[in-house]
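Architecture at a glance
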Amino acid sequence: DLPIYWGNRNWDPYLRDAAEQMAADGVRRAACFVTSAYSSYSGCRQYREDLFAATSGVEIELSRLRHYFNHPGFVGPFTEATRSALADAPAGTHVVFVTHSIPTSMNEASGGPGREFYVKQHESVAAMVAGGAGAESFSLAYCSRSGSPRIPWLEPDINDHLAELKESGTESVVVVPIGFVSDHMEVIYDLDTAGKQTADELGL
């Protein structure tokens, strides 16, 4: 029975517009579900900054819900989909979990010095999904690297990783985008288009 509002950082409807609409509708407190499940600047602290800016001068209190990377409601659908994909794949199929690459410095800052929550949380989810789906082998790769080539980002890139897997004798791969909650460019282009083309060229 609760009303639901949608606000974006980079596209209409913007978060500020959503906050103003909520206030106009008489909403004074709201729980905020952020579409990034993992810890990092762009996936956590920047959202907090956005929420603060969006409510400046607006009489509303926004409370961000906790990171949900390990919540059954998040992990469960990935496990079911991976299990289903493996059931239709050849025996011995390798599972590659994919997420958005970020600068290594951003990963090192996530959670504080030496904690590197971004990578560790993804590794934890990958292990949970692989175990629940009965995967014989699995690994973690990254997509959507951008910015200056002089700045180190998390690796391996999904396309490079597919080539490494093929060279090591892997013949079949299931790719699972555990870093994302919906289809968009980082999934539809980087994986369904570019990644598939790489796999086809390699004979995977």
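Attention here is on the structure that accompanies the text. Along each chain, numbering runs from 1 in the same order as the chain's sequence is written. Under the rules for a predicted model, residues below a pLDDT of 70 receive no local features and side-chain atom pairs below 80 are neither given nor counted, while totals for whole chains, interfaces and linings still include all residues. Hydrogen atoms and water are omitted, and side-chain values are computed over all heavy atoms in the structure.

Where helix H3 (residues 72-87) meets helix H5 (residues 117-133), the closest approach of the two axes is 8 Å, and the angle between their N-to-C directions is 50°. In terms of orientation, H3 lies oblique with respect to H5. By crossing handedness, the relation of H3 to H5 is classed as right-handed. Residues Val75, Phe78, Thr79, Thr82, Arg83 and Leu86 of H3 form the contact with H5, whose participating residues are Val125, Met128, Val129, Gly132 and Ala133. For the contact of H3 with H5, the per-class residue count stands at seven nonpolar, three polar and one charged. Between the N-to-C directions of two axes lies an angle of 0 to 180 degrees, each axis being a line fitted to C-alpha atoms and, for a helix, fitted only over the stretch in contact. Secondary structure follows DSSP: runs of H or I at least 4 residues long count as helices, runs of E at least 2 residues long count as strands, and numbering of each begins at the N terminus. Under this scheme an angle from 65 to 115 degrees is roughly perpendicular, one under 35 degrees roughly parallel, and one over 145 degrees roughly antiparallel; angles in between are oblique. If you view the pair so one helix is near and one far, a crossing is left-handed when the near helix is turned anticlockwise from the far one by less than a right angle, and right-handed when it is turned clockwise. Here, residues are in contact when the closest pair of their heavy atoms is within 4.5 Å. Gly counts as polar in this scheme, as do all residues outside two lists: the nonpolar Ala, Val, Leu, Ile, Met, Phe, Trp, Tyr, Cys and Pro, and the charged Asp, Glu, Lys and Arg.

Glancing now at the sheet that holds strand S4 (residues 138-143). Strands sit in the order S4-S3-S5 across an open sheet of three strands; the sheet is parallel. Each edge of the open sheet carries a strand with a single partner, namely S4 and strand S5 (173-176). Pairs of neighbouring strands in the sheet enclose a mean axial angle of 30°, with direction left out of account. The pairing of strand S3 (residues 94-100) with S4 spans six bridges and is parallel. When the sheet's bridge partners are listed, Val98 is paired in S4 with Ala141. Note: two strands are recorded as paired if DSSP finds a minimum of 2 bridges between them.

For the rest of this paragraph, the subject is the side chain of Asn8. Secondary-structure assignment places Asn8 in the segment before helix H1 (15-24). Polar contact is defined as a pair of N or O atoms within 3.5 Å, subject to the rule that within protein one atom must be able to donate a hydrogen and the other to accept it, and that residues adjacent in sequence are counted only when both atoms are side-chain atoms. Here the side chain of Asn8 touches Trp11 through a polar contact of 3.2 Å, landing on its backbone oxygen. What Asn8 contacts, discounting residues up to four positions off in sequence, is Pro13, Tyr14 and Leu15.

As a further point, take H5. Residue count minus one, scaled by 1.5 Å, sets the expected span of a helix. Taking 1.5 Å of rise per residue, the 17 residues of H5 would be expected to cover 24 Å, and the 24 Å separating its terminal C-alpha atoms lies within 8% of that figure. The classification of residues rests on relative accessible area computed with a 1.4 Å probe and restricted to protein chains. Under 20% of the type maximum is buried, over 50% is exposed, and intermediate values are partly exposed. For H5, every residue scored as buried is listed here: Tyr118, Val119, Gln121, His122, Val125, Ala126, Val129, Ala130 and Ala133. In a view along the axis of H5, the buried residues occupy a sector of 165°, so they form one face of it. Those residues of H5 that are buried are in contact with H3, S3, helix H4 (104-109) and S4. Directions from the helix axis toward the C-beta atoms define the arc.

Residues qualify for a patch when their relative accessible area is over 30% and they have no salt bridge, like charges being joined within 9 Å and the nonpolar side chains of Val, Leu, Ile, Met, Phe, Trp and Tyr within 5 Å. For the accessible areas, the method is Shrake-Rupley and the probe is 1.4 Å, while residue cover comes only from the protein chains on display. Definition used for salt bridges: Asp or Glu carboxyl oxygen within 4 Å of a side-chain nitrogen of Lys or Arg. Counted charges follow a simple rule, with Lys and Arg positive, Asp and Glu negative, and His plus the chain ends left uncounted. Charge positions are represented by NZ for Lys, CZ for Arg, CG for Asp and CD for Glu. A contiguous patch of negative charge on the surface is contributed by Glu155, Asp160, Glu164 and Glu167. Following the sequence through the fold, Asp160 ends up in helix H6 (residues 158-167).

Attention now moves to the packing of H6 against helix H8 (residues 190-202). Here H6 crosses H8 at 25°, and the two axes come no closer than 10 Å. As judged from the angle between their axes, H6 and H8 are roughly parallel. The hand of the H6/H8 crossing is right-handed. Where H6 abuts H8, its residues Ile158, Asn159, Leu162, Ala163 and Lys166 lie against Asp190, Leu191, Ala194, Gly195, Thr198, Ala199 and Leu202. Per-class residue counts for the contact of H6 with H8 are seven nonpolar, three polar and two charged.

Further remarks concern the packing of aromatic side chains. Aromatic ring pairs: the centre-centre distance and the angle between the two ring planes describe each pair. Stacked, tilted and edge-to-face are the three classes applied to pairs of Phe, Tyr and Trp rings, where Trp contributes its six-membered ring and a pair requires centres within 6.5 Å; stacked means planes under 30 degrees apart, edge-to-face means over 60, and tilted covers the rest. Evaluated as defined, the whole model comprises six aromatic pairs. Consider the rings of Phe97 and Phe138, whose centres lie 5.9 Å apart with planes at 75°: the pair is edge-to-face. Highlighted residues: Phe97 in strand S3 and Phe138 in strand S4, separated in sequence by 41 residues. The exposure class assigned to Phe97 is buried, which follows from its relative accessible area of 0%.

Here we come to the environment of Ser137. Tracing the backbone shows Ser137 in the loop between H5 and S4. The exposure class of Ser137 is partly exposed, given its relative accessible area of 28%. Once the C-alpha coordinates of Ser137 and Gly92 are considered, the two residues, 45 residues apart in sequence, prove to be 7.8 Å apart. Apart from residues lying up to four places away in sequence, Ser137 is in contact with Thr93, His94 and Val95. Of the polar contacts made by the side chain of Ser137, one reaches the side chain of His94; its length is 2.8 Å.

As far as function goes, none of this settles anything; it's purely spatial.
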